Structures are given as structure tokens and as C-alpha cells.
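One letter stands for each residue in the lines below.
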Amino acid sequence: MAQHYDTIVVGVGGMGSAVAYQLSARGQRVLGIERFELGHGRGSSHGETRIIRLAYFEGSAYVPFVRRAYQLWQDLSAKAGAPLLHRTGSLEMSERGYDFVDRSRASCVDHGLPHEMLDADEVMQRFPAFKVTPTTRAIFQPDGGYVLCEAGTHAHATLAAQNGATLKFGETVLEFQPTADGGVAVHTDRARYTAGQLVLTAGPWMGQLVPSLGENLATFKQAVAWFRPARLELFKPAAFPVFIHFSEDGEFYGLPMHSARGVKVGGPHFAREPIDPDAREREASPAQIKALQDFVGRHLPAASGPAIDTTACIYTKTPDEHFIIDRLPQLPQVVVVSACSGHGFKFAPAIGEIVAELVIDGRSKLDITPFALARFEAVQTSL
Ligand SMILES: Cc1cc2nc3c(=O)[nH]c(=O)nc-3n(C[C@H](O)[C@H](O)[C@H](O)COP(=O)(O)OP(=O)(O)OC[C@H]3O[C@@H](n4cnc5c(N)ncnc54)[C@H](O)[C@@H]3O)c2cc1C
């Protein structure tokens, strides 16, 4: 007979670990199934650090979600006994012709967030690691910073297990079906399980589990690299905020030195390379690494030189670059979570909470209608 749970979570990565934790903290019997090992480097949640910021050019509506995420990252840090959230301030810079800084400013104004507008000289005086063109405009928001991605996933999973959640690693979900009692049966390469509800947090592999979603979820290989600065003091968290830089060369971002690994730079978004998440070849390409080195040479001269480490990570992109958090229309016992498009990790603890509320209470306190599947025309429930 199949083992039965209240909720099964498919994929124990950035989002799935948070969902498993929040469900188990509310007393649910939870099974999390992960095809690889905890914190693996084949999906979307590896690479040491992720930017967290309140100045949100993607849309002012995200700000309440980030605010809740800040609170929950602090709670998680306290429970894990390790600082997972580091504040450095966030600096967004646009060259002439780009409206990203204005969009970030709008989110600060809408939500009464402290912020400062800086011109190019002010950027370089205040943060001497940067070299920017004279027409650059910037917004500095003091709450921005970074969170630790593998450590955060590890903390959520560890706490979930301490709450009694069963987490299985090295086991792949092959398919799921509705059961006669309104629940769901899940078949893996090892066993069959049943549950009242199913949460899919499969990241780049979501399209394999729900093929009808596939056309709205494109996967891209995105490169990041670490550079060792000649002047370390310019790139330490106290002197160097997390940043995003928009220009005709693309959208690049970076984070201060968190460890001896160096200063981390990612992007450019124009050099995203389509990737099958099952592809064997997963390294950052030479063209992607060159684009990062060129950016560092132009804008972070004290860190220029060859990358000392690189990795590639998978972006799962929706057509409008907003998240999906919804029940499948004709299988309401299945919740789909794709917090993606290159900006989802910061929200992980808040998304865990939202999904737990959805599963247990039937609705979340924060309004998730912007993330509904209904905005995509062709979504069916074919499995
Ligand atoms: C280079 C890069 C930089 C980024 N920078 C930022 C940033 O600065 N700030 C920010 O907020 N966000 C950022 N993001 C986005 C963020 O990292 C992602 O949105 C987030 O990690 C997605 O988490 P996930 O849980 O959906 O995916 P994942 O963490 O990949 O988890 C999905 C899990 O499901 C498992 N799985 C899949 N299919 C199955 C199956 N059939 N059976 C069992 N297990 C399965 C996978 O093995 C995987 O572990 C960035 C992303 C990348 C790639």
C-alpha cells in the first residue's frame, strides 16, 4: 500500500525546501522528493549568494512580498543560528535611454521606502569600485543586500526534517494522477505515494511534469563569475552594495565579496543561452565569461582580470517574467510554483509561507492573483 501524506512537495530546491518547512511547521505530514542531492548545482539555486532588494523595477506590487521575505529571512537566520541575510544597500544604475532606475524609484515612492538618487560622480565618490559613464543615473536603497542561497535551502530543509517532514533525495517523480478521493498519487522511480495535495516546485524541470505549462516556461543557461580584486577593501560588503547596471551592453549585476571566492558578477541577460535542463553540458560558455570579464574591465577596473571561478545556473522564464503560484485549473489539489525569471530566490521563505497558507487555509494573506495561470491562454491540465 502506498505511503500517505497530507502534502507531497516535488523538488527540494530553493522554493520546495521553504514550502516543506512552512507546511511541516504547521503540523502537516509532508513528503519532499528531490531527484538530486540537497543544494546541488544543476538547477537554479546554487552559487553562494542572491540579491535581495526592495527597489523593484519589475513592479511595485512585489514590494509587500519582499518585505515579508526580509522578516522571514531573519526568522530563518535565528532558527538556523547563522546570518543568512546581509544588508549592503542596493545600487541600480542606468545609462541614458533606459528607464530601470525610474521604475525602481516608482516602487520606492509607492511604498514610502528610503532612497537616494545619485548622478555618475556621486556614484563613483561614494562607491569608488565603480567606474560609470557621465550620463549614468542611479538609485541607492539602503535595505538592499544579499541572502545565502545554498545555506538558505539547507536551513529550510534541515528545519523541515526537524519538524518531522520526510525528505527523500536521489528519487525522481515520473508522473502524478488524481485519486478517486480527490487527492493525488505520485509515482517515482522507486515508489508510489499518495497525498491530499501536491505542490510542484520543480524549477527548470516544471515543463516535464506539466507539459501544458512548457510553452510558458523557457529555460536559459545564465553565467556568473567571481573576480579577485586588486584592492579588496573596495569590494567588501561595507563599501560595495549589491548592484544592477543597465546599458546597451546588457543588464549586469554583482555582489560584494562574501567569501574568499571574490566579487561575483552575473549577466548579461542578452547572452542567455537556451538549455535543456537535462543537458550534460552545463558550464558557462566562453562567450558568456568574456562578456562578464569585459564588463568588469569597463566598470569595476580594480577587479579586472580573468575570472577565478565561474558557474552556470538555469533561469526559467515566463513570457511576462512574473511568477506562477496557482492551482492547476482542473486539478485543484495540485499547486504549481514557479518563482522564476531570474528574480525569485529572495522570496523563497515568503513563497513557502504563501503556499502553506494556500494548501492549509485555501488562500494566502498576500494577494497572489498577479501570479495566476489564467493570464496565459493555453494552460490546460493535461499531465
Ligand atoms: C544565475 C542566476 C542568478 C540569479 N540571481 C538572483 C538574485 O540575485 N536574486 C533573486 O531573488 N533570484 C535570483 N535568481 C533566481 C532564483 O535563483 C530562482 O528563481 C530560484 O532559485 C528558483 O528556485 P526553484 O526552487 O524554483 O528551482 P530549483 O532550486 O532549481 O529547485 C527545483 C528542484 O526540483 C527538483 N526536481 C525537478 N524535477 C524533479 C522531479 N521530477 N523529481 C524530483 N525532483 C525534481 C530539481 O532537482 C531541483 O532541485 C537567479 C537565478 C540564476 C540562475
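Chemist: Can you walk me through the packing of helix α1 (residues 14-25) against helix α5 (residues 149-162) in this structure?
Modeler: Pairs of packed helices are described in terms of their axes, by the angle between the two and the distance that separates them. Where α1 meets α5, the closest approach of the two axes is 8 Å, and the angle between their N-to-C directions is 30 degrees. The angle between α1 and α5 places the two elements in the roughly parallel class. The crossing of α1 and α5 is left-handed. Here α1 contributes Gly14, Ser17, Ala18, Ala20, Tyr21 and Ser24 to the contact with α5, which in turn contributes Thr153, His156, Ala157, Leu159 and Ala160. Of the residues in the contact of α1 with α5, the class split is 6 nonpolar, 5 polar and no charged.

Chemist: I would appreciate a short explanation of the site of the ligand in the present structure.
Modeler: Neighbouring residues of the ligand: 36 residues in total, closest Glu34, His40, Ser45, Cys313 and Ala339. Measuring from an oxygen atom of the ligand, one finds a backbone N or O atom of Met15 at 2.9 Å. The contact in question runs from an oxygen atom of the ligand to an N or O atom on the backbone of His343, over 3.2 Å. For the ligand, whose unbound accessible area comes to 1000 Å², protein coverage reaches 96%. For the shell around the ligand, the elements supplying multiple residues, two or more each, are α1, β2 (30-34), β3 (49-52), β13 (218-227) and β18 (309-317). Residue contributions to the shell around the ligand peak at 3 residues, all from β18. A class-by-class count of the residues in the shell around the ligand yields 17 nonpolar, 14 polar and 5 charged. Counting contributing residues, the shell around the ligand receives three or more from each of domain 1 (3-45 + 150-214 + 320-375) and domain 2 (90-142 + 218-317).

Chemist: Would you take a moment to explain the sheet that holds strand β8 (residues 145-148) for this structure?
Modeler: Adjacent strands of a sheet pair through backbone hydrogen bonds, lying either parallel or antiparallel. One open sheet accounts for 3 strands, arranged β3-β8-β4; its pairing is antiparallel. Two strands close off the open sheet at either side, each with one partner strand: β3 and β4 (85-87). Neighbouring strand axes in the sheet, compared pairwise and without regard to direction, differ in orientation by 30 degrees on average. Where β4 meets β8, 3 bridges bridge the pair, whose relative direction is antiparallel. Counterpart to His86 in the pairing with β8 is Tyr146. Of the strands in this sheet, β3, β4 and β8 touch helix α2 (residues 63-80), which is tilted by about 120 degrees from β4. Packed onto the sheet, α5 meets β3 and β8 and runs at close to 50 degrees relative to β8.

Chemist: Help me out: how do you make sense of α1 in this one?
Modeler: Every α-helical turn comprises 3.6 residues, leaving residues that sit three or four positions apart pointing alike. Over its 12 residues, α1 runs 17 Å from end to end, which matches the ideal 16 Å to within 8%, given 1.5 Å per residue. Among all positions of α1, only Gly14, Met15, Gly16, Ser17, Ala18, Val19, Ala20, Tyr21, Gln22, Leu23 and Ser24 are buried. Residue Gly27 follows α1 closely and has a positive phi angle near 90 degrees.

Definitions and limits used
- Every chain begins its residue count from 1, and numbering advances along the sequence as written.
- Given that this is a predicted model, residues contribute local features only at a pLDDT of at least 70 and side-chain atom pairs are listed and counted only at 80 or more, while totals for whole chains, interfaces and linings are drawn from all residues.
- Side-chain figures throughout are based on the complete set of non-hydrogen atoms in the structure, without hydrogens or water.
- Note on geometry: axes are lines fitted to C-alpha atoms, helical ones only across the stretch in contact, with angles between N-to-C directions running from 0 to 180 degrees.
- Segments assigned H or I by DSSP are reported as helices when at least four residues long, segments assigned E as strands when at least two residues long, and all are numbered from the N terminus.
- Relative orientations are named as follows: roughly parallel for angles under 35 degrees, roughly antiparallel for angles over 145 degrees, roughly perpendicular for angles from 65 to 115 degrees, and oblique for any other angle.
- Helix crossings get a hand from a simple test, with the near helix turned counterclockwise from the far one by less than a right angle marking a left-handed crossing and a clockwise turn marking a right-handed one.
- Residue contacts are defined here by distance: any two heavy atoms, one from each residue, within 4.5 Å place the two residues in contact.
- Residue classes follow a fixed rule: Ala, Val, Leu, Ile, Met, Phe, Trp, Tyr, Cys and Pro count as nonpolar, while Asp, Glu, Lys and Arg count as charged, and any other residue, Gly among them, counts as polar.
- Being near a molecule or strand, for a residue, means having at least one of its heavy atoms within 4 Å of it.
- Counting of polar contacts relies on pairs of N or O atoms within 3.5 Å, with two restrictions inside protein: one atom must be capable of donating a hydrogen and the other of accepting it, and residues adjacent in sequence are counted only when both atoms are side-chain atoms.
- Per-residue accessibility takes into account occlusion by the displayed protein chains alone, with areas from the Shrake-Rupley method and a 1.4 Å probe.
- All domain edges in this entry derive from an automatic or database-based domain assignment.
- Strands pair, by our definition, only if DSSP identifies at least two bridges between them.
- The span you would expect from a helix comes to 1.5 Å times its residue count less one.
- Note on classification: 1.4 Å probe, protein chains only; a residue is buried when its accessible area is under 20% of the maximum for its type, exposed when over 50%, partly exposed between these limits.

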